[in-house]
Every structure is written in C-alpha cells, then in structure tokens.
Amino acid sequence: MNSVPEALNPIAGFEPLLQAPARLQVMAVLAQAQEAEFARLKEITASSDSVMSKHLAALSDAGFISLRKAALDGRQRTWASLTRAGRKVFDDHVAALQRIVAGG
C-alpha cells in the first residue's frame, strides 16, 4: 500500500486510458471546444478511420466523451464532446503529468 498522501502523490489522477497520444489529443481538443467532428479529430491525430473509431469508442465506453451522430450534406457524421466526468479525468490527468514533469 502506498503511504504517500494523494495530494503529494505525483501520479494521483493519472489516467492510463489517456496514455495513447491520440486519445490525449482528442481529450485536449475537446477540452477547448464544445464538440469536434470525427473527420477533424482524425486529421488532428493523423489517424485512420478505424483507429479513430476505436479511440472514440474506448473514450465513450469509459464515459469520458459522448458521441452524437447526425446526417449532414447527405452523409452520416459523428461529433464528440467531453462529459463532465471526462473533463474531470482530463484535468486530473494533466495535473498528474505536470507533477511528474516537475519532478514530483
């Protein structure tokens, strides 16, 4: 058992699901925007359709993002947005990374 108080533990709040760079990028984009379209997230992360689908599914299954689908210009489109829980997890994860980098 770790005897370090959580406030002093540099990895408190570190979220293993966000270790994948593309997932962290998606969360960072969504933290700055109300929502983002699948194609834009795919472009930002330089991911293929299938890889982006898997990343979004993992984040959605964890409850970190919500997905909305709608037709636009005759095509089915997907938009992602952070959930409240996702915002907290992202903020906690970023804080943990900052403590780690600071040598905490």
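Refer to the structure presented above.
What you see is a predicted model, and the numbers here were worked out from it, not measured in a lab.

**Student:** Before we go on, may I ask you to explain the environment of leucine 17 in this structure?
**Tutor:** Residue position: leucine 17 is located in the segment before helix H1 (21-32). Taking the C-alpha atoms as reference, leucine 17 lies 9.6 Å from histidine 55; in sequence the two are 38 residues apart. Apart from residues lying up to four places away in sequence, leucine 17 is in contact with Arg23, Ala58, Leu59, Ala62 and Phe64.

**Student:** Mind showing me how you'd approach the pattern of salt bridges here?
**Tutor:** Side-chain pairs of opposite charge can arise where the charged atoms are in close proximity. Applying the stated criterion across every chain, the model contains 4 salt bridges. Its salt-bridge partner being lysine 42, residue aspartate 49 comes within 2.7 Å of it at the nearest N-O pair. For lysine 42, a relative accessible area of 25% puts it in the partly exposed group.

**Student:** Help me understand the nonpolar core, please; the structure alone is not making it clear to me.
**Tutor:** General note: in soluble globular proteins, nonpolar side chains tend to be found buried as a group. Among the nonpolar cores identified, the biggest contains 17 residues, and Val26, Met27, Leu30, Leu41, Leu56, Leu59 and Ile65 are the most heavily contacted of them. Of all the secondary-structure elements, those providing two or more residues to this core are H1, helix H2 (38-45), helix H3 (49-61), strand E3 (75-82) and helix H4 (84-101). Per-element tally for this core: the top contributor is H1, with 4 residues. Apart from residues no more than four positions distant in its own chain, methionine 27 is found in contact with Leu18, Leu59, Phe64, Ile65, Leu82, Gly86 and Phe90.

**Student:** Help me out: how do you make sense of H1 in this one?
**Tutor:** The periodicity of an α-helix, 3.6 residues per turn, causes residues three or four positions apart to be oriented the same way. Between its first and last C-alpha, H1 extends 17 Å over 12 residues, near the 16 Å set by a 1.5 Å rise per residue. Taken together, the buried positions of H1 are Ala22, Arg23, Val26, Met27, Leu30 and Ala31. Next to the buried residues of H1 lie strand E1 (36-37), H2, H3, strand E2 (65-72), E3 and H4.

**Student:** Whenever I open this one, H3 confuses me. Can you help?
**Tutor:** Compared with the 18 Å implied by 1.5 Å per residue over 13 residues, the 18 Å span of H3 between its first and last C-alpha is a close match. Of the positions making up H3, those classed as buried are Met52, His55, Leu56, Ala58 and Leu59. Angularly, the buried residues of H3 cover 160° about the axis, an arc narrow enough to put them on a single face. Pointing more than 90 degrees away from the buried face of H3 are the exposed residues Lys54 and Asp61. Against H1, H2, E2 and E3 lie the buried residues of H3. Just past H3, the residue glycine 63 takes up positive phi, approximately 85°.

Reading guide: rules and limits
- Residues numbered from 1 in each chain as written.
- Predicted model: local features only at pLDDT ≥ 70, side-chain atom pairs only at ≥ 80, totals over all residues.
- Heavy atoms only, no water.
- Helix = DSSP H or I, 4+ residues; strand = E, 2+ residues; numbered from the N terminus.
- Contact = heavy atoms within 4.5 Å.
- Salt bridge = Lys/Arg side-chain N within 4 Å of Asp/Glu carboxyl O.
- Buried < 20%, exposed > 50% of the residue type's maximum accessible area, 1.4 Å probe, protein only.
- Core = buried A, V, L, I, M, F, W, Y, C linked by side-chain atoms within 4.5 Å.
- Expected span 1.5 Å × (residues − 1).
- Arc of directions from axis to C-beta.

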